[in-house]
Structures are given as structure tokens and as C-alpha cells.
Amino acid sequence: LTILGALQVSANGDLANWIIPGKLLKGMGGAMDLVSAPNTKVVVTMDHTSKNGEPKIMQECSLPLTGRNVVDRIITDMCVFDCDKHGDSGLTLVEIAAHLSVDDIRNSTGCDFKVASDPLPFMLHEIEGGG
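The paragraphs below set out a description of the structure included in this document. Since the structure is predicted, the reported quantities are computational estimates derived from the model, not experimental observations.

## Considering the sheet that holds strand β6 (residues 73-75)
Alright, step 1. The 6 strands are arranged β1-β4-β6-β7-β8-β9 in an open sheet whose pairing can be described as mixed. Edge strands, defined here as strands with exactly one partner in the open sheet, are β1 (2-4) and β9 (114-122). The average angle at which neighbouring strand axes cross in this sheet is 20°, direction not considered.

Here it is as C-alpha cells:
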């Protein structure tokens, strides 16, 4: 199991998490090795949208890729998607924040997705002293 943050994730499980062009960086680290390990399950945790309100989950990543077809699950502050990284089923909404609707998720996501027959609700909890 590999749990990573991301800058962008595509509908087919592509991951971009190491560089924003034009920004200073120290290096890509080991993310490429982690996501390319045989039989690993890759879970991405991230904000659903950028600071500007732009979707970070999109049809295709616009940033350089860390891995192609590697993401199994995306967990955001709004919902949880399962990703069919080996097929053509794309994303399936499986959990949704209790205070949001499926339309809220659609309006904040840059690609189409399916909705599980009965998506589970989840609650966000503030972490004391967190930031």
C-alpha cells in the first residue's frame, strides 16, 4: 500500500505529484518508485480543488506525470473515488461528505464519473492544532 499526496489525478489513474512547471524543486523523491512497484495499491489523499477553486481531478493531467494508470483510490476533502486504472470505467464515487450532494462533487470535478449505487457518507473532523 502506498499513500501519497497529489497535485492532479486523471480519470484513468494518472498521477502528477512532483512538479509545477516554473517552480523551484529539490527533486522528485521516490514517488515514481513507489507507484511503479509491482502489485502495489496506490491511494491518493488531496484537496479536491486548488486554492483557486480549479479541479485537481480531471480527464487528463496537465502537469508532468509521476505515473500512468497507477491510482486505485482518491480521497479528498469532499469525497472518495475508486479508480479503474486497468480498464475504461474511470472513476466511481463511493463516499461523499455528509454536507455535500453529488451535484456539488460534479461541479468541483474536471471529468465525468459514475456514482456507486449507495455511496457512503463520511464526516470531516478538525484536528486540534492542525493546519
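## Here's the deal with the packing of aromatic side chains
Alright, step 1. A complete count under the given rule lists 1 aromatic pair for this structure.
Alright, step 2. Between F81 and F113, the aromatic rings sit 5.0 Å apart at their centres with planes inclined by 65°, giving edge-to-face as the arrangement. Of this pair, F81 sits in strand β7 (residues 79-84) while F113 is found in the loop between α2 (102-107) and β9, placing the two residues 32 residues apart along the sequence. You'll find F81 and F113 in the same group, each marked buried.

## A short note on the sheet that holds strand β3 (residues 15-16)
Alright, step 1. Ordered in space as β3-β2-β5, the 3 strands form an open sheet in which the pairing is mixed. The open sheet is flanked by β3 and β5 (57-58), the only strands paired with a single partner.
Alright, step 2. The pairing of strand β2 (residues 8-10) with β3 spans 2 bridges and is antiparallel. By the bridge assignment for β3, Q8 is matched with A16.

Definitions and cut-offs
- Residues numbered from 1 in each chain as written.
- Predicted model: local features only at pLDDT ≥ 70, side-chain atom pairs only at ≥ 80, totals over all residues.
- Heavy atoms only, no water.
- Pairing = 2+ DSSP bridges.
- Helix = DSSP H or I, 4+ residues; strand = E, 2+ residues; numbered from the N terminus.
- Axes fitted to C-alpha atoms, helices over the stretch in contact; angles between N-to-C directions.
- Phe/Tyr/Trp six-rings, centres within 6.5 Å; stacked < 30°, edge-to-face > 60°.
- Buried < 20%, exposed > 50% of the residue type's maximum accessible area, 1.4 Å probe, protein only.

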